[in-house]
Amino acid sequence: GEDHSWWLSPCAEEAVASLPFCDVSASSAVRARDLVGRLSRAEKLLLTVTFTQPLPRLFVPPLDTTECLRGSASTAQLNTTSFPQAVASAASFNRSLLWAVANATAVEARAKANFGLARGYHGPHYGAVCWSPVVNIARDPRWGRTQETYGEDVLLTSRLAAQFIAGLQQSAPRSPSAASSTTTTTTTTTTTTTVSTSAASSTSSAPPTLLTASTCKHFDAYNGPENVPVSRMEFNARVSARDLQSTFMPPFDACVRSGVQALMCAYYELNGVPSCADPLLLQKAARGAMGFGGHVVGDCGAVGNVYGTQNFSHSRAEAAAMTRRAGVDWDCGGDPSWYEAALLEGLLPESALDASLERMLATHFSLGTFDAAAENPYKRWPYTDVHECINTPAHQRLAREAAAQTIVLLHAVDGVLPLGSAARKARLTVAVIGPNADNKTNVLGDYSPIPYYVVTPLEAVRERVGNESVVYAAGCADVLCRSSAGFGAAEAAAASSDVVLLFVGLNTEVESEGNDRRDLRLPGLQHELVKRVAAAAGSSPVIVVCMNGGAVALEWERDNTAAVLYGWYGGQEAGHAIADVLFGEVSPAGRLPYTVYEGVHQLPPITDYDMTSPPGRTYRYCPLLSSLPSSNTCHAETISNLLIGLTR
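Every chain is numbered independently, its residues counted from 1 as its sequence is written. At least 70 in pLDDT is required for a residue's local features to be given in this predicted model, at least 80 for side-chain atom pairs to be given and counted, and no such filter applies to totals for whole chains, interfaces and linings, which use all residues. Only heavy atoms go into the side-chain values, all of them from the structure, while hydrogens and water stay out.

The subject of this paragraph is the packing of aromatic side chains. Two rings from Phe, Tyr or Trp (for Trp, the six-membered ring) form a pair when their centres sit within 6.5 Å of each other. Planes less than 30 degrees apart are called stacked, planes more than 60 degrees apart edge-to-face, and all others tilted. Counted according to the given criterion, the structure contains 15 aromatic pairs. Between the aromatic rings of F51 and W131, the centroid separation amounts to 6.1 Å while the plane-to-plane angle is 55 degrees, which identifies the pairing as tilted. Here F51 is found in the loop between α2 (41-46) and β1 (65-66), whereas its partner W131 is found in the loop between β2 (129-130) and α5 (154-168), with 80 residues between them in sequence. Ring geometry for F248 and Y609: centres 5.7 Å apart, planes at 45 degrees, overall tilted. Note that F248 is positioned in helix α6 (residues 241-248) and Y609 in the loop between α20 (574-582) and α21 (618-621), a separation of 361 residues in sequence. Throughout, exposure labels follow a simple rule: accessible area from a 1.4 Å probe, protein chains only, divided by the maximum for the residue type, with under 20% read as buried, over 50% as exposed, and the rest as partly exposed. The class for Y609 is buried, based on a relative accessible area of 1%. Joined through ring pairs, the aromatic side chains of W143, Y222, F235, F248, Y268 and Y609 make up one cluster. Two conditions define a charge sitting above a ring: the NZ of Lys or the CZ of Arg must be within 6 Å of the ring centre, and it must be within 35 degrees of the ring normal. When the ring centre of Y609 is taken as origin, the NZ or CZ atom of R139, which lies over that ring, is 3.6 Å away. Here a helix means four or more residues in a row that DSSP labels H or I, a strand means two or more in a row labelled E, and each is numbered from the N terminus.

What follows is the structure in structure tokens.
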């Protein structure tokens, strides 16, 4: 096999140690420029696409990325901590919690990257470049990726994103003589996470290094559809200057002001031009008006789509050239041969290719990818010991606390919750019912790591009251609930119990990347299950917990059951967190980060990007929802003044 002994510590190699790109006292931009100037054309071409192969001549290690939306994505060798889905975290309205989750995620991502480099593993999810957070606005609840967002509010999204970026991009000093130790302690409401780093002398001239690099995506106005009624690969979003300025651009502006290292351009066309081939978007808006200085990565397959599905170029080589000239610096899903052809055909000057590689490599120099381990605290213990960093007891506690803080109490009859004192709990017979009561996949949602363990609501309730006090019936085989065959057992469980906990909702079969919903109701026969269980329960209270990402309309449930909560996709500790709330150890303090509509009749078509199209989108523009004297006052609200001329 290939020699990987140098991957973790390239600049410790004698052949390159004295070269300028190994000088930790130089800026990342200077180091990147020096390295690019030493690369052959063939080596440059290999760096045009993500998940690169190592280049042994100059000791360039593999350059990889990972997902960090709510925990660092797992690999075949390592399971990582699964925190609540992004929209759930937004419901906490707790910026310090977002920082803590992001920082724990970054610690695991860095340890995983070090593990891979030291052992010769590379590819997807072995990098320290995080493709997170998602800062698109959830303008339509049918969008399958609503769960990945921070909801519909521009200001909330911007502020949570800023904290998430800060947590991912925690910096530490570096120096060849670094020896002393400092400790950073992050405290949320009940959880303390301690992270140790080696600190350089305060007089060191070396720029600090980053724990991980953050990428805000998907730039810009990528907010549905995924596949209904048209594929995202073919969709052209028609967006006004007003809506770009007041709704879609501000979160990305906040990312840039927070020092984000990268932006990811989207699949869509924006006003007739593919986002990854749009110089007005990537150059004038991002690098010009916003002052962005990092690198742009094309979403996976987006550069190829410029030729393939969008027919915006005559060849893949032209698509490669067009996107580089527009401002894309790294291509996920492309092929180096496209860029070679673009150079040979005179479509792309090599100087433009060099500039894009310098921006991409500058991020890796900021991470210390090339640093000798002796010069970079994030390449030394504890970051080289996965047992010290991944799924630690502190991260497990944080996952539980974070999940509990997200839970939203939508409705409750007086006195029903919490379920009572220890004495009362000991006497309760509890029916646990529903397709999401004991499904270890459904509680995770999309873009979750694969954790070492998952606690379901059924398991957590059994821990609370004992096996003998719990009667379980799924009711439906899965969330699609195509059959009522299990309803009888569910009704019997409800009729024989003192309290009924009914876990309904969605999963990634219903909503996910590439998969939109057609309506806002519970899928299949789930609503009928709720009605049948409520009738069978008689005087026993029925508490409905909906586990979901996008909004689910629960009007009947609100009016006909004792309590309704949003439990979201809570991650590996979802069951414990829900039980903590139901049994009174934690007060449900989450708030909805988006509007819950009664149904699709209150929504314009998902393809209509006009935020004011009747009856208006989100609480800012819908007169049915606005508490302002005149909803028209919403129309003038702006958070960022980016006059970028993107209308055509």
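Moving on from the model shown.
Here the rule is simple: two strands pair whenever DSSP picks up at least two bridges between them. As summarised here, the arrangement of the 3 strands in space is β8-β10-β11, forming an open sheet in which the pairing is mixed. Of all the strands in the sheet, just β8 (236-237) and β11 (273-274) have a single pairing partner and so form its edges. Both β8 and strand β10 (residues 269-270) contribute to a ladder of 2 bridges, which runs parallel. Its bridge partner being in β10, N236 is matched across the sheet by E269.

It is worth spelling out the state of the cysteines at this point. The rule for a disulfide is simple: a pair of cysteine sulfur atoms within 2.5 Å. Per the counting criterion, the structure on display carries 6 disulfides. Each sulfur in the disulfide pair C265 and C276 lies 2.1 Å from the other. Since a negative S-S torsion denotes a left-handed disulfide, the C265-C276 link at about 105 degrees is right-handed. Of this pair, C265 sits in strand β9 (residues 262-265) while C276 sits in the loop between β11 and α8 (279-289), and the two are 11 residues apart along the sequence. The class of C265 is buried, set by a relative accessible area of 0%.

This part takes up unusual backbone geometry. The peptide bond linking W381 to P382 adopts the cis configuration, its omega dihedral lying at 10 degrees. Tracing the backbone through its elements, the reader meets P382 in the loop between α12 (350-367) and α13 (386-389). Omega for the peptide link from P614 to P615 comes to 0 degrees, which places this bond in the cis form. The residue P615 is located in the loop between α20 and α21 in this model.

The criterion is simple. A nonpolar core is a set of buried Ala, Val, Leu, Ile, Met, Phe, Trp, Tyr and Cys residues joined through side-chain atoms within 4.5 Å. The biggest cluster of nonpolar side chains holds 66 residues, and the ones touching the most others in it are Y150, C216, F219, V239, L263, L282 and Y609. One finds W7, Y339, L348 and L367 within the second-largest nonpolar core, a separate group that totals 48 residues.

When two helices pack together, their arrangement is captured by the angle between the axes and the distance separating the axes. Axis lines are fitted to C-alpha atoms, over the contacting stretch for helices. Their N-to-C directions set the angle, which ranges from 0 to 180 degrees. The contact between helix α4 (residues 95-119) and helix α14 (residues 393-406) brings their axes to 11 Å, and the two run at 145 degrees. Crossing of α4 against α14: the hand is left-handed. Contact residues: α4 offers L97, A100, V101, A104, V107 and E108, while α14 offers H395, L398, A402 and Q405. When the residues that make up the contact of α4 with α14 are grouped by side-chain class, the tally is 7 nonpolar, 2 polar and 1 charged. Crossings are classed by handedness, with left-handed meaning an anticlockwise turn of the near helix from the far one by less than a right angle and right-handed meaning a clockwise turn. Contacts: residue pairs with any heavy atoms within 4.5 Å of one another. Classification used: nonpolar for Ala, Val, Leu, Ile, Met, Phe, Trp, Tyr, Cys and Pro, charged for Asp, Glu, Lys and Arg, polar for all others including Gly.

This brings us to helix α1 (residues 28-38). Since the α-helix packs 3.6 residues into each turn, any two residues three or four apart lie on the same face. Within α1, the full set of buried residues consists of S28, R31, A32, D34, L35 and V36. Next to the buried residues of α1 lie α2 and α12.

This part covers the pattern of salt bridges. A carboxyl oxygen of Asp or Glu within 4 Å of a side-chain nitrogen of Lys or Arg is what we treat as a salt bridge. On inspection of all chains with the given rule, the structure shows 27 salt bridges. When the shortest N-O distance is used, the salt bridge between R142 and D140 registers 2.7 Å. Between D253 and R257 there is a salt bridge, and its shortest N-O distance comes to 3.4 Å. With D253 and R257 both in helix α7 (residues 250-257) and 4 residues apart, this pair spans about one turn of that helix. Overall, the relative accessible area of 9% leaves D253 in the buried class. Owing to a relative accessible area of 59%, R257 belongs among the exposed residues under this scheme. Here the salt bridges share partners, and the residues they tie into one network are R145, E148, E226, R232 and E513.

Let's shift gears to the pairing of strand β19 (residues 563-566). Residues A563 and L565 of β19 are buried on one face, and the alternating residues V564 and Y566, pointing to the opposite face, are buried as well. Of the pairings in the sheet, the one linking strand β18 (residues 542-547) to β19 comprises 4 bridges and is parallel in character. Within the sheet, the bridge partner assigned to V545 lies in β19 and is L565. By convention a crossover is right-handed if, when the strands point away from the viewer, the path from the first strand over the helix to the second runs clockwise. Crossover handedness for the path β18 to helix α19 (residues 555-560) to β19: right-handed.

Within the secondary structure, N136 sits in the loop between β2 and α5. A distance of 3.4 Å separates a polar side-chain atom of N136 from the backbone oxygen of Y222. Residues in contact with N136, not counting those within four places in the same chain, are W143, T149, G151, K217, H218, A221, Y222, N223 and F252. Two N or O atoms count as a polar contact when they lie within 3.5 Å, although within protein this holds only if one can serve as hydrogen donor and the other as acceptor, and sequence-adjacent residues are included solely when both atoms are side-chain atoms.

With that settled, consider the sheet that holds β9. The strands that make up a sheet pair up through hydrogen bonds in the backbone, lying either parallel or antiparallel. One open sheet holds the 6 strands; their spatial order is β1-β2-β7-β9-β12-β13, and the pairing between them is parallel. Every interior strand has two partners, whereas the edge strands, β1 and β13 (330-331), have only one. Here 2 bridges tie β1 to β2, and the two strands are oriented parallel to one another. Residue T65 lies in a different strand from β2, and its bridge partner there is V129. Packing against the sheet, α7 makes contact with β7 (213-219) and β9, and its axis sits at approximately 160 degrees to β7.

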